[in-house]
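# Structural characterization, general
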Amino acid sequence: MVNILRYPKQIKGFKFDPDFAIRGLHYDENNGWLMKIDNMANIQLYTVHVGREPIKDINEIIEFHKGRHIPPDYLRNNMYQLSDLFSTPQATLLSDIVQYFKDHDINFHPRYLSDDISYAARILHTGNHGIGGKLHETIMRDMSTYLERSPKLVGYLENLRKNGKKTFLLTNSTLPFISKGMSYLTSSDDWIDLFDCVIVSARKPEFYKSCRPFRRASEPTWDRVDKFERGQVYQGGNMKDFSRLTGWSGQNVLYFGDHVFSDLADATTQQGWHTGAIIHELEKEIEIRNQPAYRHRLSWLLQLESLLNVAQAWRKEYRIEDLDGLILEWREERRKVRVELKTAFNHSFGSVFRTYQNPSYFANKIRKFADIYMSNVTNLERVSQDYVFYPNRTYLPHEQLIETLIDSGKIQEYL
């Protein structure tokens, strides 16, 4: 940012705050607002930040969008979602620069900042020549700082193969980075033997639609690749040739990735693969949700909302003294409890997966493009390999009461 894009040198002194941002936020490239939105593109108002500070006047957002909902065209053309594993530092740096420019009265267009940070991130990941940047170089110099050895992963992959499953590795990373990383992860230089096929530098999501041919990655050769050989590593390629050379296609494939759009979206919608999302934040969020204090506050919120529904119905039918005042008190208590439940996960933006009552936009994309999701693929060790995951039934509002009674077995009381 400083050396190439000529940003103020003071930016080099910024310290990363891991507790500020979360994955899945949207950045408004016209207004410089960083926010979380739900699955219906409604803004969670008290998550909107300008720089590192919450927006001072919520009505400014409501007036701009004529409500809390972001129109589809505006969302598509003016909002940028930070959805991959690197989105947290990217969102934090973006907010820190916006804050610095505001504090020092530097005029700026929010889109320029977003474009520049995205460009810097590409250089960091791929270098100026697209073959591996400083990030990979730094990690390769000190693997133990960034990776943990995973004997459970080795055991899981070996068990899959013993039971007749075929395994493959399909990654956008380069062979030198993958080779060193997998050697450390598996504690073995023979990590390639864990897979029937290894593809590096795949350029997903372009891989799913392109016609670029495969080539061997481990030796200089210009021959056409007509078959995949065990122990060899290939690069580039495309989905059509991958399916033809392996015979693996459609719902016979279960593919895991940690980026919803680059890894999973086209794999499931265009190719019909079953997909699994690896969401590392899930482990922490489940831990928080299982804490007694959180469960108590959530239970109280649900009771408050039930009381409010009943009280509002009674207000129309009966004249009850002080009922209006009680309703106002409960509404204020509900507001406070909702804030408490939000800040239990992250003070500024709350849960990765939920707004107040709806799934977040990020969580909705997981549900749309992934058949299952988990924090680590080795969690599947706990289920048999012929286990079938059946989805939960989704209730419409007019179905919920009767079908909940059926599910709970209480329907017999009404028959």
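Quick caveat, the model's predicted, so the values are computed rather than measured.

### Thoughts on the sheet that holds strand 8 (residues 214-216)
Read across the open sheet, the four strands follow the order 6-7-9-8; overall the sheet is mixed. On the outer flanks of this sheet lie strand 6 (168-170) and strand 8, each paired with one strand and no other. Ignoring which end each strand starts from, the neighbouring axes of this sheet average 30° apart. Here strand 7 (residues 197-200) pairs with strand 9 (residues 233-236) via three bridges, running parallel. Across the sheet, residue Ile199 finds its bridge partner in strand 9, namely Tyr234. Helix 9 (residues 239-246) rests against strand 6, strand 7 and strand 8 of the sheet, and its axis sits at about 65° to strand 8.

### Things to note about helix 5 (residues 134-141)
Buried within helix 5 are the following residues: Leu135, His136 and Ile139. One side of helix 5 holds all its buried residues, which, seen down the axis, span an arc of 95°. What points out from helix 5, more than 90 degrees from its buried face, is the exposed set Lys134 and Arg141. As for helix 5, its buried residues are in contact with helix 4 (110-126), helix 6 (143-146) and helix 8 (175-186).

### Notes on the sheet that holds strand 10 (residues 254-257)
Strand order in the open sheet formed by three strands is 10-11-12, with parallel pairing between adjacent strands. Edge positions in the sheet fall to strand 10 and strand 12 (372-374), since each of these pairs with one other strand and no more. On average, each strand axis in the sheet is inclined to that of its neighbour by 20°, with strand direction left out of account. As defined by bridge partners, strand 10 adjoins strand 11 (residues 274-278) across four bridges and the pair is classed as parallel. Its bridge partner being in strand 11, Leu254 is matched across the sheet by His274.

### Notes on unusual backbone geometry
The amide bond that connects Lys204 to the next residue, Pro205, takes the cis arrangement and shows omega of 5°. Relative to the helices and strands, Pro205 is located in the loop between strand 7 and strand 8. Backbone geometry places Lys66, a non-glycine residue, at a positive phi of 60°. Within the secondary structure, Lys66 sits in the loop between helix 1 (58-65) and helix 2 (72-78).

### Side note on the nonpolar core
In terms of nonpolar packing, the biggest core is built from 68 residues, with Phe168, Ile199, Phe214, Phe228, Phe242 and Trp273 touching the most fellow members. At six residues, the largest contribution of residues to this core is made by helix 3 (residues 87-103). Formed by 22 residues, the second largest nonpolar core is a distinct cluster that contains Tyr156, Phe195, Val233 and Val377.

### What to know about the packing of aromatic side chains
If you walk through the whole model with that rule in mind, you get 25 aromatic pairs. On the basis of an interplanar angle of 70° and a centroid distance of 5.9 Å, the ring pair of Phe242 and Trp248 is categorised as edge-to-face. In terms of burial, Phe242 and Trp248 fall into one category: buried. Cluster of aromatic residues (ring-pair linked, three or more members): Phe168, Phe207, Tyr208, Phe214, Phe228, Tyr234, Phe242, Trp248, Tyr255 and Trp273. Sitting over the face of the ring of Phe20, Arg52 holds its NZ or CZ atom 4.1 Å from the ring centroid. When the ring centre of Tyr184 is taken as origin, the NZ or CZ atom of Arg149, which lies over that ring, is 3.9 Å away.

### A short note on a nonpolar patch on the surface
On the surface, Val310, Trp314, Tyr318 and Ile320 cluster together into a nonpolar patch covering about 410 Å² of accessible area. In this structure, Trp314 sits in helix 12 (residues 292-317).

### Thoughts on the packing of helix 12 against helix 13 (residues 323-343)
Geometrically, a packed helix pair is captured by the angle between its two axes and the distance between the axes. Following both chains from N to C, one finds helix 12 and helix 13 inclined at 155°, their axes separated by 9 Å at the closest point. Here helix 13 runs roughly antiparallel to helix 12, going by the angle between their axes. As for the relative orientation of helix 12 and helix 13, their crossing is left-handed in sense. By residue class, the composition of the contact of helix 12 with helix 13 is 14 nonpolar, one polar and nine charged.

### Some thoughts on the pattern of salt bridges
Counting across every chain of the model gives 14 salt bridges. Note that Arg297 and Glu340 form a salt bridge whose closest N and O atoms lie 2.8 Å from each other. Of this pair, Arg297 sits in helix 12 while Glu340 sits in helix 13, and the two are 43 residues apart along the sequence. One continuous salt-bridge network, built from bridges that share partners, spans Asp17, Arg52 and Asp96.

### Considerations on the packing of helix 3 against helix 4
The contact between helix 3 and helix 4 brings their axes to 10 Å, and the two run at 135°. Between helix 3 and helix 4, the angle is such that the two are oblique. Of the two possible hands of crossing, helix 3 and helix 4 adopt the one that is right-handed. Only Leu113, Ser114, Ile117, Ser118 and Ala121 of helix 4 make contact with helix 3, whose side of the interface consists of Gln90, Leu93, Leu94, Ile97, Val98 and Phe101.

Criteria and cut-off values
- Residues numbered from 1 in each chain as written.
- Predicted model: local features only at pLDDT ≥ 70, side-chain atom pairs only at ≥ 80, totals over all residues.
- Heavy atoms only, no water.
- Pairing = 2+ DSSP bridges.
- Helix = DSSP H or I, 4+ residues; strand = E, 2+ residues; numbered from the N terminus.
- Axes fitted to C-alpha atoms, helices over the stretch in contact; angles between N-to-C directions.
- Contact = heavy atoms within 4.5 Å.
- Buried < 20%, exposed > 50% of the residue type's maximum accessible area, 1.4 Å probe, protein only.
- Arc of directions from axis to C-beta.
- Core = buried A, V, L, I, M, F, W, Y, C linked by side-chain atoms within 4.5 Å.
- Phe/Tyr/Trp six-rings, centres within 6.5 Å; stacked < 30°, edge-to-face > 60°.
- Lys NZ or Arg CZ within 6 Å of the ring centre and 35° of its normal.
- Patch = residues over 30% accessible without salt bridge, like charges linked within 9 Å, V, L, I, M, F, W, Y side chains within 5 Å.
- Areas by Shrake-Rupley, 256 points an atom, 1.4 Å probe, with all protein chains shown as cover.
- Salt bridge = Lys/Arg side-chain N within 4 Å of Asp/Glu carboxyl O.
- Parallel < 35°, antiparallel > 145°, perpendicular 65-115°, else oblique.
- Left-handed = near helix turned anticlockwise from the far one by under 90°.
- Nonpolar A, V, L, I, M, F, W, Y, C, P; charged D, E, K, R; others polar.

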